[in-house]
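Chains, contacts and geometry: an overview
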Number of protein chains: 2
Amino acid sequence: MLRTGPSSPKSARRKAPRLADVARLAGVSTATVSRVLSNPDMVSRQAREVVEDAIRATGYRLNHAARNLRHRRTGGVVALVPDLSNPFFSQILAGMSAVLAPASYNLLVADTRAMSAESILSYAEPSRADGLIVLDGGLPLERFERHVPLVLACEWIPGLSAPRVKIDNRAAAALAVAHLVELGHRRIGHVAGPPENVLTQARLAGLKQALEARGLPAPLVLAGDFSLDSGRRAGAQWLALPEDERPGAMFFASDAMACGFIGEVQHRGFSVPNDVSVMGFDDIELVAHMTPALSTIRQPRDAIGRRAASLLLDLIGGTDTAEDVILPVELVIRASTAPPRDR
Amino acid sequence: MLRTGPSSPKSARRKAPRLADVARLAGVSTATVSRVLSNPDMVSRQAREVVEDAIRATGYRLNHAARNLRHRRTGGVVALVPDLSNPFFSQILAGMSAVLAPASYNLLVADTRAMSAESILSYAEPSRADGLIVLDGGLPLERFERHVPLVLACEWIPGLSAPRVKIDNRAAAALAVAHLVELGHRRIGHVAGPPENVLTQARLAGLKQALEARGLPAPLVLAGDFSLDSGRRAGAQWLALPEDERPGAMFFASDAMACGFIGEVQHRGFSVPNDVSVMGFDDIELVAHMTPALSTIRQPRDAIGRRAASLLLDLIGGTDTAEDVILPVELVIRASTAPPRDR
DNA sequence: CTGAAAGCGCTTACAG
DNA sequence: CTGAAAGCGCTTACAG
């Protein structure tokens, strides 16, 4: 149907001009055109101007696929996130993009929950991406550690040696405890993330350690999975407890769970913080606008994204700065935490 | 430093095996290896087995950049979203990915808020993406309409003829009105999106039309921009109104604004829905868990993403199904709407 | 069913 | 400063 000859004037789908077309029009070699594009200083002013005119005249646009093949790079970086629908990750991704775009890397985002192990692994192939930022600590990545430059952000994978950008989760949990204890709470409950998750473990350890250091009783720990709905279920469990066994303060491993909990106990006629203080983790945007506004631990999401991206760029560039980056968190005190009622 | 010869055994960075390496080991031509990879039926069983062994032996992995260059495709589809941190979009993106991945297209996501017009336009170049899904109706896209297959989702660009996947925003607004009127409300207020936004206009038009059709007074309209914070400001405005001028029901062009509003009026001691009924739009995950749980209009986000992606695939494949797709919404009645108090 | 060869559209030592 | 030519790693008409 379509003619393959050099010119098919009738075809609506005229072939895009190539470097060679520009070169012909300008009366120079393709090498010179290429240099004008990527190394203008190597070219005489005169030649440069002729070429630039020809580029304009032809409407030439560089073909990135060809350049990338020649450079043996893909021009893409993949971020593997455990749950795209969690707003916690959006701002991290925006931070990455802000660093990657100027370095002319595309950011590809993939939701690992929605993918087979095989297709997740396929992202680690050098021909698919120049680098990988992994935000999911549950991935079986030991197998392809060598394939492609890789950095871990937020979560990490125990056996895997790769630079990590993270917060000090134990210290963050201790910060929450300090706040609650300062308000006068002695019985503190916790709703944890998924048991095998590294963040779950670090936050729980920090919590236990902080309580112990103050001679306070070990926390009541309820199971969760970071999701809203698991927080709601934790609310139901809290309500089902005999009144004198209900912790007066609950610390959650994620804001989403704290939201679910608050919704549930409020629906059942309880007041936060009068009946129970609630402390979240993450500081996602929405929690500042709830009633009560949520006290929480703020993670520097933009910075996490930016640092992870620039670390990866270093790695791709051959600089082996395999050091971990620990970013600071911030205790944000709002209205969901208050002194215990019965004291 | 690095030897360029065919074998540099000392180098840690051994070159990845190519098709030619597999062919040599198998004792066949590269054409045959290529066929085994992409068209196994064209190859005799015997040859296929030899090649498959060689692939395993060498650990060969296909280079996608090379294949894509040859096929004159990039293997990528770009989604341009107006605000990545809005959870409304995440599930739409997940829907797209679910359709695109099996067709072996990568989904690249870019946040148009964070980009220059120039770099946004650069995504429409055929060498960067095989197609574009635009979720931002405010983009100056007339200029590159021709460059790359394109579909519009959620929002649309008036001058631009491209297939659209959307909901019936006017009908959705009418649905909200019907619910509120059925509860007994006659004075209905509205918090709109950004004035130039097409969704803002369609929803407002639907609202006005539905009120008019019932002989009810025109709505009080407050300015917003879909964000949480603009909803909070609308709350302050509502509170500042003389008591007898406050609409007893407020309909919001986004859930985020409804959340901001509720937060603000609750902080000031008012009750939803006792003092004011609140109706959102979108049904983002969190609003089911607030107190009160939000009544809203549910958009079929997963379906929007899937349909947009498959329409784009059709376009890329040359099928010109340039018809618009209108997806159904659903009225979700929860606890934030109730009959007016003084009636 | 299979192979030799051209080509996708660039870039870059090398030689001048 | 500039050009001829090889090459990045595949795919695919074409001929056998």
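This one's a predicted model, so the numbers in the text were calculated from it and none came from an experiment. (Residues numbered from 1 in each chain as written. Chains lettered and ligands numbered in written order. Predicted model: local features only at pLDDT ≥ 70, side-chain atom pairs only at ≥ 80, totals over all residues. Heavy atoms only, no water.)

**Considerations on the pattern of salt bridges**
Any two side chains of opposite charge can pair, given that their charged atoms come close. Residues and elements named next belong to chain A. If you walk through the whole model with that rule in mind, you get 28 salt bridges over all chains. Among the ionic pairs, Glu49 bridges to Arg45, the shortest N-O distance being 3.2 Å. Taken together, the positions of Glu49 and Arg45, both in helix α3 (residues 45-58) and four residues apart, correspond to about one turn of that helix. A residue is classified by how much of its surface remains accessible, and Arg45, at 59% relative accessible area, is exposed. Among the charged side chains, a salt-bridge network with shared partners connects Asp283, Arg298, Glu330 and Arg334. (Salt bridge = Lys/Arg side-chain N within 4 Å of Asp/Glu carboxyl O. Helix = DSSP H or I, 4+ residues; strand = E, 2+ residues; numbered from the N terminus. Buried < 20%, exposed > 50% of the residue type's maximum accessible area, 1.4 Å probe, protein only.)

**Description of the protein's contact with DNA strand D**
Around DNA strand D sit 25 residues, and of these Thr32, Arg35 and Ser44 of chain A together with Ser34 and Arg67 of chain B come closest. Within 4 Å of the protein, the contacting atoms of DNA strand D are drawn from sugar and phosphate to the extent of 66%. At a separation of 3.2 Å, a base nitrogen of DNA strand D approaches a polar side-chain atom of Arg70 of chain A. Here a phosphate oxygen of DNA strand D sits 2.9 Å away from a polar atom, N or O, in the side chain of Arg72 of chain A. When residues of the surface near DNA strand D are traced back to their parent elements, those giving at least two are α2 (30-38) and α4 (64-71) of chain A together with α2 (30-38) and α4 (64-71) of chain B. Looking at which element gives the most residues to the surface near DNA strand D, the answer is α4 of chain B, with four residues. (Near = heavy atom within 4 Å. Polar contact = N/O pair within 3.5 Å; in protein donor to acceptor, adjacent residues only side chain to side chain.)

**What to know about the UniProt feature "domain: HTH lacI-type" (unreviewed entry) in chain A**
Mapped onto this numbering, the UniProt entry annotates "domain: HTH lacI-type" (unreviewed entry) at residues 17-71 of chain A. The distance separating the terminal C-alpha atoms of residues 17-71 of chain A is 21 Å; by composition the span is 71% helix and 0% strand. (UniProt positions renumbered as here; feature names shortened; annotations may be inferred.)

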